[in-house]
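Chain residues, written in single-letter form:
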Amino acid sequence: MIDSFAEVEHALIEADIIPEVVPSRFGPEALLVVSWPTGKEATLGNTLTALDTALAPSISFTPMITQAPYDEVSYTLVMTDPDAPSRKNPRLAQWRHWVVTGIKAAHPTEAVSGHLNARFTEPPVTPYYCPAPPPGTGPHRYVLLLYREPAIGLRIPPDAPERRNSPERRAKWDAAAFAEEYGLKLVAANFFYVVGPEP
C-alpha cells in the first residue's frame with residue numbers, strides 16, 4: 001500500500017523513472033492503486049510476473065481538489081515500458097502498452113460501500129498489451145501514469161500514433177510528449193517490474 005506523495009516521488013527517483021519517463025518537476029497530487037484480476041498490485045517497484053499481469057488491471061486513485069465539479073473531471077491512464085528491448089539497450093523505448101481516456105474517479109459516497117474502482121467510460125485508445133519482456137533482457141520497469149484531462153475535453157484523432165497498435169507501431173513512443181501535445185496534467189504515478197525469462 002502506498003502511504004504518501006513523498007514515498008511516490010522517492011521511489012520514482014530511485015528507479016530513474018524521474019527523469020527518464022516523468023519530468024523532474026512532477027509533484028504527485030493523488031495516489032494511484034493498480035490491481036490485476038489475479039489479486040496482485042503495483043506497489044512502487046515490486047516484481048510481478050507476466051502471468052500476474054496478463055489481463056488489464058483496474059485502478060483507483062485518491063480524489064484531488066479541482067476547480068471543476070466532481071463528475072466533470074476526466075483522466076487518462078498510460079502504461080509504458082522505458083526498457084525496450086532492455087534497460088541496457090533501450091533503442092525501442094518507450095514501448096506503449098496501454099492508453100485509456102475518459103476515466104472517472106469513484107464518487108466519494110461510493111467509498112462507504114467499498115466500490116473504489118475508477119470507471120472507464122471510453123474504449124481504450126491503445127488496448128492493453130501485457131508485459132512480455134524478451135528472454136535475457138532482465139527486469140523491465142512498467143510505468144503507469146495518470147493524467148488529468150483538460151476541462152475542454154480530450155479527443156485523440158483517428159490517425160494519431162496512439163491508435164496504431166500493432167507491436168512495431170507501439171515502439172519509440174514518448175509519454176511526456178503525448179501529455180504535452182494534448183494538454184494533460186500528470187497527477188499520479190506507479191510502477192512495477194517484470195523480469196524477462198532466461199534465454
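Data block above holds the structure.
This is a predicted model, so every value here is computed, not measured.

### A short note on the overall build of the protein
In step 1: The number of helices and strands found in the protein is three helices and nine strands.
In step 2: Along the protein, helices and strands appear, N-terminal first, in the series α-α-β-β-β-β-β-β-β-β-α-β.
In step 3: Out of the 199 residues in the protein, the part that is buried amounts to 47%.
In step 4: As displayed, the protein has an accessible area near 10,000 Å², and 55% of this comes from carbon and sulfur atoms.

### Things to note about the nonpolar core
In step 1: Counting residues in each nonpolar core, the largest one holds 29 residues, and the members touching the most others are Leu 145 and Phe 191.
In step 2: When contributions to this core are tallied by element, the ones reaching two or more residues are α1 (5–14), α2 (17–20), β8 (139–148), α3 (175–182) and β9 (185–195).
In step 3: Setting aside residues no more than four positions away along its own chain, Leu 145 makes contact with Val 21, Val 22, Thr 76, Leu 77, Val 78, Ala 175, Leu 186, Ala 188 and Ala 189.
In step 4: Counting 25 residues, the second-largest nonpolar core is a separate cluster that includes Ala 30, Val 34, Ile 59 and Leu 144.

### A few points about unusual backbone geometry
In step 1: Here the bond from Ile 18 into Pro 19 is cis, since omega is 10°, no more than 30 degrees from zero.
In step 2: Its place among the elements puts Pro 19 in helix α2.
In step 3: In this chain, Ala 84 is followed by Pro 85 through a cis amide linkage whose omega measures -5°.
In step 4: Along the polypeptide, Pro 85 turns up in the loop between β5 (75–81) and β6 (95–104).
In step 5: Phi angles above zero are rare outside glycine, and Asp 16 is one such case at about 65°.
In step 6: The exposure class of Asp 16 is partly exposed, given its relative accessible area of 34%.
In step 7: Positive phi values are uncommon outside glycine, yet Lys 172 reaches one of about 55°.
In step 8: Structurally, Lys 172 can be placed in the loop between β8 and α3.

About the cut-offs
Residues numbered from 1 in each chain as written. Predicted model: local features only at pLDDT ≥ 70, side-chain atom pairs only at ≥ 80, totals over all residues. Heavy atoms only, no water. Helix = DSSP H or I, 4+ residues; strand = E, 2+ residues; numbered from the N terminus. Buried < 20%, exposed > 50% of the residue type's maximum accessible area, 1.4 Å probe, protein only. Areas by Shrake-Rupley, 256 points an atom, 1.4 Å probe, with all protein chains shown as cover. Core = buried A, V, L, I, M, F, W, Y, C linked by side-chain atoms within 4.5 Å. Contact = heavy atoms within 4.5 Å.

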